[in-house]
Amino acid sequence: MSLQVAVAVPFRQEGTDRLGEGAFVVALSLDREWFSPDQAKRLVDVAVGRGLLEKVDGDLVATFDLDAVDIPADYTPDTDILREQSTFEQLLDRMTDAGMAKQEAVAAANETQRRLGITLEAAAVLVATREGIDVAAAANAVRTELATDDE
């Protein structure tokens, strides 16, 4: 969730859902002084990888409802959000963001994995889908990982 909040701030600051990458980096590094410019560029890469941003004609476009994100007045992101998350961690974040308890989500994924004899990531996709949580981007990543493992 913290990543989504950090990504939302520059867009909400400008009142738009589309920003040039430079403006996004400046908002996070110079305006807010949260990250160095290199770290802000890394945040772009992580957010694109997580499906929160898309690059369209040289601009960054938010792929989520910016108005639905609660930005606390004293919010300052932790630099941990700059690290890449595994596909399972991404799926787990999606499930907890949608209201599932973390322990419940992990237990359901483990049980589904055990019962069906599939990877933990594939099991998490099934659990999230069963709960009505949109995990299409992560599902595609799992599909790609499975196809690569078969080769």
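Parameters and conventions
- Sequence order as written defines residue numbering, which begins from 1 separately in each chain.
- Under the rules for a predicted model, residues below a pLDDT of 70 receive no local features and side-chain atom pairs below 80 are neither given nor counted, while totals for whole chains, interfaces and linings still include all residues.
- In computing side-chain properties, one takes all heavy atoms of the structure into account and sets aside hydrogens as well as water.
- Stacked, tilted and edge-to-face are the three classes assigned to paired rings of Phe, Tyr and Trp, where Trp is represented by its six-membered ring and a pair needs centres within 6.5 Å; plane angles under 30 degrees give stacked, over 60 edge-to-face, the rest tilted.
- Here a strand is any run of E in DSSP of at least two residues, a helix any run of H or I of at least four, and the numbering for each starts at the N terminus.
- In this scheme, a residue with accessible area under 20% of its type's maximum is buried, one over 50% is exposed, and one in between is partly exposed, where area comes from a 1.4 Å probe on protein chains only.
- Two strands are said to pair when DSSP picks up at least two bridges between them.
- Axis definition: a line fit to C-alpha positions, over the contact stretch in the case of helices; interaxial angles, taken between N-to-C directions, run 0 to 180 degrees.
- By convention in these notes, a salt bridge is any Lys or Arg side-chain nitrogen within 4 Å of a carboxyl oxygen on Asp or Glu.
- We define the nonpolar core as a collection of buried residues of types Ala, Val, Leu, Ile, Met, Phe, Trp, Tyr and Cys that are connected through side-chain atoms lying within 4.5 Å of one another.
- What makes two residues a contact is simply this: any of their non-hydrogen atoms within 4.5 Å.

Concerning the packing of aromatic side chains
Next up, step 1: If you walk through the whole model with that rule in mind, you get two aromatic pairs.
Next up, step 2: On the numbers, 5.7 Å between centres and 50° between planes, the contact of Phe 11 with Phe 24 is tilted. Highlighted residues: Phe 11 in helix H1 (residues 2-14) and Phe 24 in helix H2 (residues 21-31), separated in sequence by 13 residues.
Next up, step 3: Residue Phe 24 is classed as buried on the basis of its relative accessible area of 0%.
Next up, step 4: A ring pair is formed by Trp 34 and Tyr 75, whose centres lie 5.4 Å apart and whose planes are at 85°; its orientation type is edge-to-face. Residue Trp 34 is found in the loop between H2 and helix H3 (37-49), and its partner Tyr 75 is found in the loop between strand E3 (59-62) and helix H4 (87-97); the two are separated by 41 residues along the sequence.

Some words on the sheet that holds E3
Next up, step 1: Reading across from one edge, E1-E3-E2 is the order of the three strands in this open sheet, with antiparallel pairing throughout. The sheet terminates laterally at strand E1 (18-20) and strand E2 (53-56), the two strands that pair on one side only. Recorded for the sheet is a direction-independent mean angle of 30° between the axes of neighbouring strands.
Next up, step 2: With three bridges joining them, E1 and E3 adopt antiparallel strand pairing. Across the sheet, the residue bridging to Arg 18 is Val 61, located in E3.

So, the pairing of E3
Next up, step 1: Judged from the four bridges that link them, E2 and E3 form a sheet pairing that is antiparallel. Looking across to E3, one finds that Glu 54 is bridged to Val 61.

Some words on the pattern of salt bridges
A side chain with one charge can pair with a side chain of the opposite charge if their charged atoms come near.
Next up, step 1: Under the counting rule described, the total for this entry stands at five salt bridges.
Next up, step 2: Between Arg 114 and Glu 111 there is a salt bridge whose closest N-O contact spans 2.6 Å. Highlighted residues: Arg 114 and Glu 111, both in helix H5 (residues 102-116), separated by three residues, approximately one helical turn.
Next up, step 3: Take Arg 114: its relative accessible area is 59%, and that puts it in the exposed class.
Next up, step 4: We classify Glu 111 as partly exposed; its relative accessible area is 34%.
Next up, step 5: One network of salt bridges, in which partners are shared, links Arg 18, Asp 57 and Asp 59.

Focus: H4
Next up, step 1: Residues of H4 that are buried: Thr 87, Phe 88, Gln 90, Leu 91, Leu 92 and Met 95.
Next up, step 2: Just downstream of H4 lies Gly 99, where phi reads positive at about 110°.

With respect to the nonpolar core
Next up, step 1: If you look at the biggest cluster of nonpolar residues, it comprises 28 residues, and the most contacted ones within it are Val 7, Phe 11, Phe 24, Phe 35, Leu 43 and Phe 64.
Next up, step 2: Taken together, the elements giving at least two residues each to this core come down to H1, H2, H3 and E3.
Next up, step 3: Tallying contributions element by element places H1 first for this core, with seven residues.
Next up, step 4: Ignoring anything within four residues of it in the chain, the contact list for Phe 64 reads Gln 4, Val 7, Ala 8, Leu 52 and Val 69.
Next up, step 5: Leu 91, Leu 92, Val 127 and Ala 128 belong to the second-largest nonpolar core, a separate cluster that totals 18 residues.

Some details on the environment of Ile 118
Next up, step 1: Its place among the elements puts Ile 118 in the loop between H5 and helix H6 (120-130).
Next up, step 2: The exposure class assigned to Ile 118 is partly exposed, which follows from its relative accessible area of 28%.
Next up, step 3: Excluding residues within four positions of it along the chain, Ile 118 makes contact with Thr 112, Gln 113, Ala 123 and Leu 126.

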